[in-house]
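Residues per chain are reported as follows:
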Amino acid sequence: MEKYNTRTNRMVALIILGIIFAVITCSIAITLGYHHVKSHELADYRVNVLGISIYQIQNINGELKGIGNHPAMMFIGIIFSMVLTIVMELIIVLKNKKNEGKSND
């Protein structure tokens, strides 16, 4: 864990983790979208994550075709990265303040 002690290295790792979480979330949402279209025999369906349309699925003559909204998926990755980085940095700051309070007692 010493490798991630510097703030810069830790933040880079958290940003990469946020992007990975976003990719996993978008992949699951798209997979569920395809399942929803197949099970309900829909002609058109938009897959949303956090209210943002990331993918459109069209049923054309029984064949499903998908169109990705790549800028929206990138935006989701940015949001996940920012939230993860901020939350983890706040946890670390609070943990360090708690440890400082114990050492002063």
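Nothing here was measured: the structure is a model prediction, and the numbers come from that model.

A. The arrangement of the pairing of strand E2 (residues 52-60) in detail. Where strand E1 (residues 44-49) meets E2, six bridges bridge the pair, whose relative direction is antiparallel. Its bridge partner being in E2, Val49 is matched across the sheet by Ile52. Between E1 and the antiparallel strand that follows it, E2, lie two residues; Leu50 among them carries a positive phi value of about 55 degrees. The hairpin formed by E2 and strand E3 (residues 63-68) contains two residues between the paired strands, and Asn61 there has a positive phi angle of roughly 55 degrees.

B. Summary view of a nonpolar patch on the surface. On the surface, Val12, Ile16, Leu17, Ile20, Phe21, Ile24, Ile28 and Leu32 cluster together into a nonpolar patch covering about 700 Å² of accessible area. Examined against the element boundaries, Ile16 turns out to sit in helix H1 (residues 7-40).

C. Representation of the confidence of the model for the protein within the structure. In the predicted model, the protein carries a mean pLDDT of 91, and the fraction of residues at 70 or more is 92%. Within the protein, the lowest mean pLDDT, 90, falls on helix H2 (residues 70-104), and the highest, 96, falls on E1.

D. Here's a closer look at the pattern of salt bridges. Per the counting criterion, the structure on display carries three salt bridges. Residues Glu89 and Arg7 are paired through a salt bridge, measuring 3.2 Å at the closest nitrogen-oxygen approach. Here Arg7 lies in helix H1 and Glu89 lies in helix H2, a separation of 82 residues in the sequence. In this structure, Glu89 and Arg10 form a salt bridge, with 2.8 Å as the shortest nitrogen-oxygen distance. One end of the pair, Glu89, is in helix H2; the other, Arg10, is in helix H1, and 79 residues separate them in sequence. Note on accessibility: Glu89 and Arg10 belong to one class, buried. Each of Arg7, Arg10 and Glu89 takes part in a single network of salt bridges with overlapping partners.

Conventions used here
Residues numbered from 1 in each chain as written. Predicted model: local features only at pLDDT ≥ 70, side-chain atom pairs only at ≥ 80, totals over all residues. Heavy atoms only, no water. Pairing = 2+ DSSP bridges. Helix = DSSP H or I, 4+ residues; strand = E, 2+ residues; numbered from the N terminus. Patch = residues over 30% accessible without salt bridge, like charges linked within 9 Å, V, L, I, M, F, W, Y side chains within 5 Å. Areas by Shrake-Rupley, 256 points an atom, 1.4 Å probe, with all protein chains shown as cover. Salt bridge = Lys/Arg side-chain N within 4 Å of Asp/Glu carboxyl O. pLDDT = per-residue confidence, 0-100. Buried < 20%, exposed > 50% of the residue type's maximum accessible area, 1.4 Å probe, protein only.

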